[in-house]
Amino acid sequence: GENVGLHLPTLSVQEGDNSIINCAYSNSASDYFIWYKQESGKGPQFIIDIRSNMDKRQGQRVTVLLNKTVKHLSLQIAATQPGDSAVYFCAENIGRGSTLGRLYFGRGTQLTVWP
Amino acid sequence: GAVVSQHPSRVICKSGTSVKIECRSLDFQATTMFWYRQFPKQSLMLMATSNEGSKATYEQGVEKDKFLINHASLTLSTLTVTSAHPEDSSFYICSARTPGASEAFFGQGTRLTVV
């Protein structure tokens, strides 16, 4: 959904545990969603995406779940590693045609992985 | 993946001056680029959509005379912050979409500090 300018929620996990990061979106017409990882002082890095005609998609160590009924996304990271520590954002694509790629970002979650 | 480069990565300017930030797609042609702003500990906020050869489309609440966008070629978009003030200090990030694809790739961001 639209970012609300609030401070970031945090999630702390121990190395090797699984992490689940949640996100709510606002536009029921959105048809494409992306999860990004952002390290301090850097631009967002693509992790995984999902289209609205799917409810689950898996990548390497990551899984995205989409629940359109409640407009909810989650990112699951398996066997979390210290290198996964970063801020994670969900984004919904609100663009069409020539404006595909026009994204609204969620609040973000600061993930900290302890050794 | 596609590479998007921003320049400069950091800039400090005096209040009242203007500063230009460049966003380049290095290995693909981008008819559409996007500009975002991010304040510390907050999410990315879409500012405008930059279209090659035409005027930029600004999001609600973003001053087009304050943030001038030029997209003169298929590989370069520029954002000029005019008459900068300390409240314009922020992290500015661009993204570009490869033609026909939904995924947008992000630059590394530009840290602007107005003193």
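Please refer to the structure higher up on the page.
Computed from a predicted structure; not experimentally measured.

(A) Molecular detail of the pattern of salt bridges. Residue and element names in this part refer to chain A. If you walk through the whole model with that rule in mind, you get seven salt bridges over all chains. R57 is paired through a salt bridge with D49; the nearest N and O atoms lie 2.2 Å apart. On the basis of relative accessibility, which here comes to 36%, the residue R57 falls in the partly exposed class. In this structure D49 comes out as buried when scored by relative accessible area, which is 14%.

(B) Looking closely at unusual backbone geometry. Across the junction of H7 of chain B and P8 of chain B, the peptide omega takes the value 0°, indicating a cis bond. Along the chain, P8 of chain B turns up in the loop between β1 (4-7) and β2 (10-13). Of note in this structure, A79 of chain A is not a glycine but carries a positive phi near 50°. With respect to the helices, strands and loops of the structure, A79 of chain A is situated in the loop between β7 (72-77) and β8 (86-93). With relative accessibility at 36%, the residue A79 of chain A sits in the partly exposed group. The phi dihedral of K41 of chain B falls on the positive side, at around 65°, and the residue is not glycine. Here K41 of chain B lies in the loop between β4 (32-38) and β5 (44-51).

Basis of the calculations
- In every chain, residue numbers begin from 1 and rise along the written sequence.
- Following the order in which they are written, the chains are lettered starting with A and the ligands numbered starting with 1.
- Only residues with pLDDT of 70 or above have their local features reported here, since the model is predicted, and side-chain atom pairs are shown and tallied only from 80 upward, although totals for entire chains, interfaces and linings are computed over all residues.
- In computing side-chain properties, one takes all heavy atoms of the structure into account and sets aside hydrogens as well as water.
- Criterion for a salt bridge: a side-chain nitrogen of Lys or Arg within 4 Å of a carboxyl oxygen of Asp or Glu.
- Partly exposed describes any residue whose relative accessible area lies between the buried limit of under 20% and the exposed limit of over 50%, with all areas from a 1.4 Å probe on protein chains only and scaled to the type maximum.
- Numbering of helices and strands starts at the N terminus; helices are DSSP runs of H or I of at least 4 residues and strands are runs of E of at least 2.

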